[in-house]
Structures are given as structure tokens and as C-alpha cells.
Amino acid sequence: MTTTSVGQRTRTRRITFLVALAVFAQESTWNFYEAQVPPLLREHLTSAAVVGLLMGMDNLLGIFIQPWIGNRSDRTRTSWGRRMPYLVVGMPIAATLFIVIPHTAASLPLLIAVMFAYALVANTFKPIAEALVPDFIAPERRSRANAVVKIASSVTAIVAALISIFLVDDHLSLAFAIPAIIMLVSVAVLAATVRDSRSPAYQAAVAETHDTSGADRPEPRVRDTFVEIVRDTDRSRLLLLVAILVFGSAWAASRSLITPYGMEALGMSRGAAGGLTLPSGIAFILAAYPAAVLAERYGRLRVMAAGMSVFAGAMVLGTVIQTPTGAVVALCLAAAGATCFLVNAVVVLWNLAPSARVFGTYAGMYTVGWAGGGFLGPALVGGMVDLNGWPLMLVDIALVAALSILVVARISTLQRRTTPTLTP
């Protein structure tokens, strides 16, 4: 192994750790927000629908903000780079707002105002940190890097649960402060160590901005990028966005509807049904890095399709063995299979990008597709449950997943017919 290759691997590991740290910090606040803000709202509101509507506000904001801010960062040029300015400004503001949340709990209008402000600011940098992965890391290593990022994101659910168990009842303000402090420490480390103006993608984007005549080329806007994807005769990118939306629907339904499924189909108590997904979270963490290694060896699209098939098959298995133990086993297998998609889908999207100038925009589009699935999936599967009954809910989810498998299979066919400049 040459000295150059050793140095490249060291730099890859370093930036992967730093991006994972940033995502860990962001998701620590989001997970705790999702777990502990609803009880604050319930002190003022009796309607679960209104509480759910207010808690969904951040997803609605994200659909509009994240592609725009991803594109805005693509077009930013500073000595610090194009991502870091947004992280250095946004993360401390979001941390401050997060600390304030429990102190506004006595007033519903003030609580909602701070929730809105936090969701607005936090959405502005949510896709930015992950966009550092394609900025610094070569296409062939992006799956492994993204696997580490996904693991860091998954661990935050455990951290949020531990903070809730040990601090919320007696020290609510301190409980909110801890995720915020993690975020502040993270951004301090990033500010001291990362200059993404030195990244290969940033330098390539700057060079591409200037054509051979020396004139500046206009930077693509979100609309321009999306129209270019829609009009492209190679439908791979458009179909991939569809697959992200559809599989995101299946995944979201398998998480958000599992508690009522356990109660209605398995006869479990609310608390026991709510714990059905805990082992699958561990399975997800354990499967993430192997999913990346397999994708690099056998091809990302092939591994994605295989993992999605495991997910759909696990849903069928859970229906055949309709017991609490069967459900836990099925959810663990499904989570391991879903990891193959979650780790690799955004990497395929980045690698299909025509230019380093749009990595941030593509990261935003991925997030919107996944969030759209999170919004549509539970409603779609819930409608199917109304027709078929709770005992067949897992099969309903499998049918949605099967549709996304067909879409990915179509993408694989298109890619075999072409020779892309970047291997998915």
C-alpha cells in the first residue's frame, strides 16, 4: 500500500467521523424533540390530532426548506467552503432555541413559536452535514461513510431514551440542555477541523463554474436541477426519487403503525406493543456497515433490491407467524434488509449527479423524498388496514415495498444499458 493511499484512507476516516459527529448531534436533538415535546403540548391540548399536526410541522417545513438550502449551499463560495458557514451559524442558534423549549411550556403560543423557530433553523442545516460525504469522499467509498453516518443517527434514539429515563421526570430543563450541549460541542469541533473549501468536490465545482472562455457559468437552481432530472431521457434519477418515496412509505408505516398493530392483531398492551421495534433498532445498527461493504463488492442497486426483498419477505413472515415473538423477529429481519436501502440510496443519487455543483441539492431531494414517504406511508397503509383489517397490515406494507423493488429493478436495467460517468 502506497503512502498516498494510506493518507487518503486516513482523510476519509477523519471526515467520516466528523460528519457522523455532526449528524449525531443534530439527530440527538430531533429524537429528543419527537419524544418529549408532545407531552408539553398535551398540557395545553386534549386533541391528539392537533398535537400530531404541530409535531408534523417540522416535516412540512423541511419539504420546502431542505432542497432550497441544499442548493443554496451548492452555490455558496467562501474561504471556509460552501457547507461550513451554514453549520457554524445554524447549529448554535438551533441549540439555543432547543434549550429554551421547556422554559416556554407554560404558554402554548410561546411554546409553538419556539417550536416553529427551532424547526425552521434546524431544517436549514439538516441536509448540509451529510452533503460533506460526497464533497470529500470518492464515489467508491461513499457507502461505507454513509453507513457510519446512519449508525450515528440510529444511536441517537438510544441516547434520547436514556436521557428521558434518567432526567426528564426530575430535571426537564437539564434533559433538554444535554442534546443542545452535544450540538454545541460538535459544531465547535467541526469549526476547528473542517474547511470544506479544500474538498475535491468544492474545488471541482469552482473550476466548473468557469468555462474555457473564462466566463462564469450560472449556478443551477433547485427548479433547474429538478427540471433537468424530469426531462432527462435516462430516467434513472427520477425513478430513484420515486423509489425513495415509495420505500420510505413502507418503512414509515412499519414504524409508526406497529403499536396499534401489536394491540389490535397481537392482543398486546400499549406499552408492550410500543417496545416491538426496540430490537430492530439494534439489528439496524449491526447491519449498516456490512450493507455498505456488500454494496461496494456486488453493486449498490443489486444490494438495495436484495435488502428490500428481505424487508418485504420479513413482513410476510410476520403475518404467517402472527405472535409477538414472530413480530419481533420479522421487524429485526426487515430492519436489516432496509439498511441496504437506507445506506446506499442517497449514495446512488450522489453518484448519478452530473456535477459536484449539485451534491447539496441532491441531498435535499433525497430528504424530501424520504420525508414524503414518512407522510404518505402511514396514511396509505392505514387506508389498506381499513379495508383488510389489522392482521394483514404487514402484508399491506410488503405490497408497498414490492412496488419500490420493481422501481429499483427498472433502474438496474437502465444502468446496464448505459455507461454512467459515476458508477452507482
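Here's what I pulled together on the structure shown here. (Residues numbered from 1 in each chain as written. Predicted model: local features only at pLDDT ≥ 70, side-chain atom pairs only at ≥ 80, totals over all residues. Heavy atoms only, no water.)

## Quick notes on the state of the cysteines
For step 1, the next point in the chain: Counted according to the given criterion, the structure contains 0 disulfides.
For step 2, the next point in the chain: Cysteine C332 remains unbridged, with the sulfur of C340 as its closest cysteine sulfur at 15 Å.
For step 3, the next point in the chain: Since its relative accessible area comes to 11%, C340 is described here as buried. (Disulfide = S-S within 2.5 Å. Buried < 20%, exposed > 50% of the residue type's maximum accessible area, 1.4 Å probe, protein only.)

## Focus on a nonpolar patch on the surface
For step 1, the next point in the chain: Nonpolar side chains collect at one region of the surface, where V310, V316, L317, V320, I321, V329 and L333 lie side by side and expose about 550 Å² of accessible area between them.
For step 2, the next point in the chain: Secondary-structure elements contributing two or more residues to the nonpolar patch are α14 (300-320) and α15 (324-351).
For step 3, the next point in the chain: It is α14 that contributes the most residues to the nonpolar patch, 4 residues altogether.
For step 4, the next point in the chain: For V310, the location among the structural elements is in helix α14.
For step 5, the next point in the chain: When its relative accessible area of 40% is taken as the criterion, V310 is described as partly exposed. (Patch = residues over 30% accessible without salt bridge, like charges linked within 9 Å, V, L, I, M, F, W, Y side chains within 5 Å. Areas by Shrake-Rupley, 256 points an atom, 1.4 Å probe, with all protein chains shown as cover. Salt bridge = Lys/Arg side-chain N within 4 Å of Asp/Glu carboxyl O. Helix = DSSP H or I, 4+ residues; strand = E, 2+ residues; numbered from the N terminus.)

## Things to note about the packing of aromatic side chains
Both the distance between ring centres and the angle between the ring planes are used here to describe each pair of aromatic rings.
For step 1, the next point in the chain: Summed over the entire model, instances satisfying the criterion amount to 13 aromatic pairs.
For step 2, the next point in the chain: Ring geometry for F247 and F311: centres 5.1 Å apart, planes at 65°, overall edge-to-face. In this pair, F247 is assigned in helix α10 (residues 236-256) and F311 in helix α14, connecting sequence segments 64 residues apart. Per residue, the accessibility class of F247 equals that of F311, and both read buried. (Phe/Tyr/Trp six-rings, centres within 6.5 Å; stacked < 30°, edge-to-face > 60°.)

## So, the packing of α10 against α14
For step 1, the next point in the chain: The geometry of α10 relative to α14 is characterised by a closest axis approach of 12 Å and an angle of 25° between their N-to-C directions. Comparing the axis directions of α10 and α14 gives the class roughly parallel. Viewed along their axes, α10 and α14 form a crossing whose handedness is left-handed. On α14, the residues touching L240, F247, A250, W251 and S254 of α10 are M304, M308 and F311.
For step 2, the next point in the chain: Within the contact of α10 with α14, the residues separate by chemical class into 7 nonpolar, 1 polar and no charged. (Axes fitted to C-alpha atoms, helices over the stretch in contact; angles between N-to-C directions. Parallel < 35°, antiparallel > 145°, perpendicular 65-115°, else oblique. Left-handed = near helix turned anticlockwise from the far one by under 90°. Contact = heavy atoms within 4.5 Å. Nonpolar A, V, L, I, M, F, W, Y, C, P; charged D, E, K, R; others polar.)

## Points about the pattern of salt bridges
For step 1, the next point in the chain: Throughout the structure, instances matching the rule amount to 7 salt bridges.
For step 2, the next point in the chain: The partner of R82 in a salt bridge is D74, and the shortest N-O contact between them spans 3.9 Å.
For step 3, the next point in the chain: The shortest N-O distance in the salt bridge between D232 and R237 comes to 2.8 Å.
For step 4, the next point in the chain: Taken together, the shared-partner salt bridges connect D74, R82, R83 and D135 into one network.

## Quick word on a positive patch on the surface
For step 1, the next point in the chain: On the surface, R302, R410, R416 and R417 cluster together into a patch of positive charge.
For step 2, the next point in the chain: With 3 residues, the top contributor of residues to the positive patch is helix α17 (residues 393-417).
For step 3, the next point in the chain: As for its placement among the helices and strands, R416 is situated in helix α17.
For step 4, the next point in the chain: The class of R416 is exposed, set by a relative accessible area of 64%. (Lys, Arg positive; Asp, Glu negative; His and termini not counted. Charge placed at Lys NZ, Arg CZ, Asp CG, Glu CD.)

## Looking at the side chain of S199
For step 1, the next point in the chain: You can see S199 is positioned in the loop between α7 (172-193) and α8 (200-209).
For step 2, the next point in the chain: Polar contacts involving the side chain of S199 include one to the main-chain amide nitrogen of Y202, which spans 3.1 Å.
For step 3, the next point in the chain: Beyond its immediate sequence surroundings of up to four residues, S199 is in contact with D135 and F136. (Polar contact = N/O pair within 3.5 Å; in protein donor to acceptor, adjacent residues only side chain to side chain.)

## Quick word on the packing of helix α4 (residues 84-100) against α7
For step 1, the next point in the chain: Packing of α4 against α7 leaves a shortest axis separation of 9 Å and a crossing angle of 165°. Of the possible angle classes, the one that applies to α4 and α7 is roughly antiparallel. Regarding α4 and α7, the two cross each other, and that crossing is left-handed. Residues M84, L87, V88, M91, P92, A94, A95, F98 and I99 of α4 lie in contact with α7, whose contacting residues are F176, A177, P179, A180, M183, L184, S186, V187, L190 and A191.
For step 2, the next point in the chain: A class-by-class count of the residues in the contact of α4 with α7 yields 18 nonpolar, 1 polar and no charged.

## Overview of the environment of L18
For step 1, the next point in the chain: Residue placement: L18 occurs in helix α1 (residues 3-42).
For step 2, the next point in the chain: With relative accessibility at 5%, the residue L18 sits in the buried group.
For step 3, the next point in the chain: Each C-alpha atom of the pair L18 and T193 lies 8.6 Å from the other, and the pair is 175 residues apart in sequence.
For step 4, the next point in the chain: Contact partners of L18, with chain neighbours within four places excluded, come to V189, L190, T193 and V194.

## With respect to the nonpolar core
For step 1, the next point in the chain: Judged by nonpolar contacts, the single largest core of 119 residues is most densely connected at F311 and F341.
For step 2, the next point in the chain: Beyond its immediate chain neighbours, meaning those up to four positions away, F341 contacts A243, I244, F247, M304, M308, W370 and V408. (Core = buried A, V, L, I, M, F, W, Y, C linked by side-chain atoms within 4.5 Å.)

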